[in-house]
Amino acid sequence: MVALLALRMSHLFAVVMLAGVFSLLSALLLVLMDAVDVAFTEAAVGAGVSTVLMLSTMALTSRVQKPIKKSNLGAALAVSFAGLLLLYGTLDMPNFGSNNSPAQTHLSNLYLTNSPNEIGVPNVVTAILASYRGFDTLGETAVVFTAGVGVILLLSGLRRRKQKSDSKVG
Amino acid sequence: MIFEHNFIMGHLNYWLFIMLMMTGLFIVISRGNLIKKIVGLNIFQTSVFMFYISIGKVAGGTAPIFPMDMNINPSILYSNPLPHVLILTAIVVGIATTALGLALIVRIREAYGTIEDEEISLIEADEQKLETQSQLA
Amino acid sequence: MQHHLILKIVTKSIVGIILLFGLYVQFHGDYSPGGGFQAGVIFAAAFILYGIVMGLDKVQEVLPFWVVQKLAALGVLVYALTGVFSLFMGFNYLDYSAFSPHHPEHGQHWGILVVELGVGITVTGVIVCIYYCFASRTPHLDDGEW
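Fair warning: this is a prediction, and the values are worked out from it, not measured in the lab.

**Student:** Would you explain the overall build of chain B in this entry?
**Tutor:** Regarding its fold elements, chain B presents four helices and zero strands. Starting at the N terminus and ending at the C terminus, chain B contains elements arranged as α-α-α-α. Residues counted as buried form 53% of the 137 residues belonging to chain B. In chain B, once contacts between residues fewer than 6 apart in sequence are set aside, the share between residues at least 24 apart is 46%.

Shown next, in the form of structure tokens:
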């Protein structure tokens, strides 16, 4: 519902706020599906940090979306085609919450039974995150770091370079 | 088989998340405003996250955290912790890349004076025309 | 935001609590929901809140821009050097048993703690850094313009 509203609105401030509300609601849904760690992160990131970032971008750019001239019929067709394909794909999937679906039978059992002896940390999510999948998390941390470097280069480095080239020209 | 009550209730969550995904995709494709495109991308992303987590849910299960004293009751079902781990890192990487996209938008605004898709391509076309004219001259 | 007295006072009292909560999430991540990623975001949110209400200059007195940049790099280094440490102790890369070879479970515990600390530092650094980059460019708007 909230997402549909975000589609219609043209006032960007409201759109960004609705995006925050959407994140918060999805965090609630994640709690219902037992993913407390994920919900925690989603609430802090989606509803907090990303809203602030979008607002500060808006402060730097514009606050209102211009009306769209061209028709979206092609977009709607393409999107509904992709959606139908995905729906067709779900027909083979196991029921929601079923205990013997492929996702539940292989790796997760191994983690759930072995991690108390091998790691000894009550929170299995932390155990997998930092120990079993340590390489993966190292990579993710590096990605976050790289994105930070990219933002610094885009937003604060170029000004200095511009001044330098200006002084060269002058 | 498709019209059984059990089947529909078991798959309804997937269908809802796919609808959310498609809403996000539609925003990305059809709206010209770059900030709105990022919002659409975020909606798309969040619905993919929820889809993943819903695959890991076990009916009657609980959050995959053992008791503090590690006395594990084997009769308790735990949900699948693996999707949680994947999505946890994906969320933080997602905000970092979103920030990168927003930074690009700020630079685009400084270079072109607008953040509307079509106006940018108009300006680009004009510039190209000027360039070819100057080359001909 | 010069005239928002209530906001300022509430912020002053709440930032400390948010930071404390961040520490709890960081170091209690083994036992309860939490860990480096979440704690990093919570820390960053505390600084961003302070920055929004008090102004960018005030928050950069506490946490200057260059410190944040170094923090972002430091976290990745902590993480990677943990792996190198276990290499030197004769274990595989990122095998935390190296921290106490006679009691691998304790080693795992320590390893997870250190690695999560690295993640937390990086995430805090990067997100605060991104916020600084955006906020330092913002032209001063009146509250009415929103």
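**Student:** Any chance you could explain the interface of chain B and chain A here in plain terms?
**Tutor:** The extent of an interface is frequently quoted as the accessible surface area lost upon association of the parts. The interface is formed by 82 residues belonging to chain B together with 82 residues belonging to chain A. Carbon and sulfur atoms make up 75% of the surface buried where chain B meets chain A, a total of about 7400 Å² over both sides. Summed over the shared surface of chain B and chain A, the result is one salt bridge. The closest approach of N and O atoms between Lys57(B) and Asp34(A), which form a salt bridge, is 3.0 Å. Looking at the side of chain B that touches chain A, the elements that each hand over two or more residues are helix 1 (5–30), helix 2 (34–56), helix 3 (81–112) and helix 4 (117–136) of chain B. Residue contributions to the side of chain B that touches chain A peak at 24 residues, all from helix 3 of chain B. The class makeup of the residues in the side of chain B that touches chain A is 53 nonpolar, 21 polar and eight charged.

**Student:** I would appreciate a short explanation of the pattern of salt bridges in the present structure.
**Tutor:** Once the charged atoms of two side chains with opposite charge are near each other, the side chains can pair. Residues and elements named next belong to chain B. Considering all chains together, one arrives at three salt bridges over all chains under this definition. Put simply, Arg107 and Glu110 hold a salt bridge, and the shortest N to O gap is 3.3 Å. Of this pair, Arg107 and Glu110 both sit in helix 3, separated by three residues, roughly a single helical turn.

**Student:** Sorry if this is basic, but what is going on with the interface of chain C and chain B here?
**Tutor:** Counting residues at the interface gives eleven residues for chain C, matched by twelve residues for chain B. Buried area between chain C and chain B, summed over both chains or domains, comes out near 930 Å², and the portion from carbon and sulfur atoms is 81%. Of all residues in chain C, the largest losses of buried area upon contact with chain B belong to Phe37(C), Phe134(C) and Arg137(C), amounting jointly to 51% of the total for that side. Taken together, chain C and chain B are joined by zero salt bridges. Taken together, chain C and chain B are joined by zero residue pairs in polar contact (both at pLDDT 80 or more). Taken together, the elements giving at least two residues each to the side of chain C that touches chain B come down to helix 2 (36–54) and helix 5 (104–135) of chain C.

**Student:** Would you mind going over unusual backbone geometry with me for this structure?
**Tutor:** Glycine aside, negative phi is the norm for most residues, and most peptide bonds take the trans geometry. All names here are of chain A. The backbone phi angle of Asp34 is positive, close to 70 degrees, even though this residue is not glycine. Turning to its location among the elements, Asp34 is positioned in the loop between helix 2 (12–32) and helix 3 (36–60). Note on Asp34: relative accessible area 10%, which makes it buried.

**Student:** Sorry if this is basic, but what is going on with the nonpolar core here?
**Tutor:** Note that soluble globular proteins tend to have their nonpolar side chains buried in a common cluster. Counting residues in each nonpolar core, the largest one holds 104 residues, and the members touching the most others are Leu53(A), Val151(A), Leu155(A), Ile127(C), Tyr132(C) and Phe134(C). A domain-level breakdown of this core finds at least three residues from each of domain 1 (1–65) and domain 2 (124–170) of chain A. Leaving out residues up to four positions away in the same chain, Val151(A) has contacts with Ser156(A), Ala99(B), Leu100(B), Ala103(B), Ile130(C), Cys133(C) and Phe134(C).

**Student:** Would you take a moment to explain the packing of aromatic side chains for this structure?
**Tutor:** Aromatic ring pairs are defined here through the distance separating the ring centres and the angle between the ring planes. One pass over the structure, following the stated rule, counts five aromatic pairs over all chains. Summarising the aromatic geometry, the rings of Tyr14(B) and Phe51(B) are spaced 5.6 Å apart at their centres and angled 65 degrees between planes, so their arrangement reads as edge-to-face. Of this pair, Tyr14(B) sits in helix 1 while Phe51(B) sits in helix 2; the two residues are 37 residues apart in sequence, bridging distant segments of the chain. When its relative accessible area of 2% is taken as the criterion, Tyr14(B) is described as buried. With relative accessibility at 16%, the residue Phe51(B) sits in the buried group. On the numbers, 6.0 Å between centres and 50 degrees between planes, the contact of Phe65(C) with Tyr132(C) is tilted. Taken together, the residues Phe65(C) in helix 4 (residues 65–88) and Tyr132(C) in helix 5 connect sequence positions 67 residues apart. Judged by relative accessible area, Phe65(C) falls into the partly exposed class, the value being 24%. Taken together, the aromatic side chains of Phe40(A), Phe21(C) and Tyr24(C) make up a single cluster linked through ring pairs.

**Student:** Teacher, can you tell me more about the environment of Leu94(C) here?
**Tutor:** Structurally, the position occupied by Leu94(C) is in the loop between helix 4 and helix 5. Taking relative accessible area as the criterion, Leu94(C) reaches 6% and is therefore assigned buried. Once the C-alpha coordinates of Leu94(C) and Gln108(C) are considered, the two residues, 14 residues apart in sequence, prove to be 10.0 Å apart. Dropping the residues within four chain positions of it, Leu94(C) is found in contact with Gly134(A), Phe135(A), Leu138(A), Tyr79(C), Gly83(C) and Ser86(C).

**Student:** Would you explain the confidence of the model for chain B in this entry?
**Tutor:** If pLDDT is low for a region, its predicted coordinates should not be looked at in detail. Per-chain confidence: chain B averages 82 in pLDDT, with 95% of residues scoring 70 or above. When mean pLDDT is taken per element in chain B, helix 2 of chain B scores highest with 87 and helix 1 of chain B scores lowest with 82.

**Student:** Just to check I follow, could you spell out the confidence of the model for chain C for this structure?
**Tutor:** For chain C, mean pLDDT is 82; residues scoring 70 or higher make up 92% of the total. Within the model, pLDDT remains below 50 along residues 140–146 of chain C, and this stretch shows twelve contacts once partners closer than five positions in the same chain are excluded.

**Student:** Whenever I open this one, the side chain of Ser50(A) confuses me. Can you help?
**Tutor:** Assignment of secondary structure puts Ser50(A) in helix 3. According to the relative accessible area criterion, Ser50(A) is buried, its value standing at 8%. Excluding its chain neighbours within four sequence positions, the residues that come into contact with Ser50(A) are Val45(A) and Ile95(B).

Calculation notes
Residues numbered from 1 in each chain as written. Chains lettered and ligands numbered in written order. Predicted model: local features only at pLDDT ≥ 70, side-chain atom pairs only at ≥ 80, totals over all residues. Heavy atoms only, no water. Helix = DSSP H or I, 4+ residues; strand = E, 2+ residues; numbered from the N terminus. Buried < 20%, exposed > 50% of the residue type's maximum accessible area, 1.4 Å probe, protein only. Contact = heavy atoms within 4.5 Å. Buried area = accessible area lost by both parts, 1.4 Å probe. Salt bridge = Lys/Arg side-chain N within 4 Å of Asp/Glu carboxyl O. Nonpolar A, V, L, I, M, F, W, Y, C, P; charged D, E, K, R; others polar. Polar contact = N/O pair within 3.5 Å; in protein donor to acceptor, adjacent residues only side chain to side chain. Core = buried A, V, L, I, M, F, W, Y, C linked by side-chain atoms within 4.5 Å. Domains from an automatic or database assignment. Phe/Tyr/Trp six-rings, centres within 6.5 Å; stacked < 30°, edge-to-face > 60°. pLDDT = per-residue confidence, 0-100.

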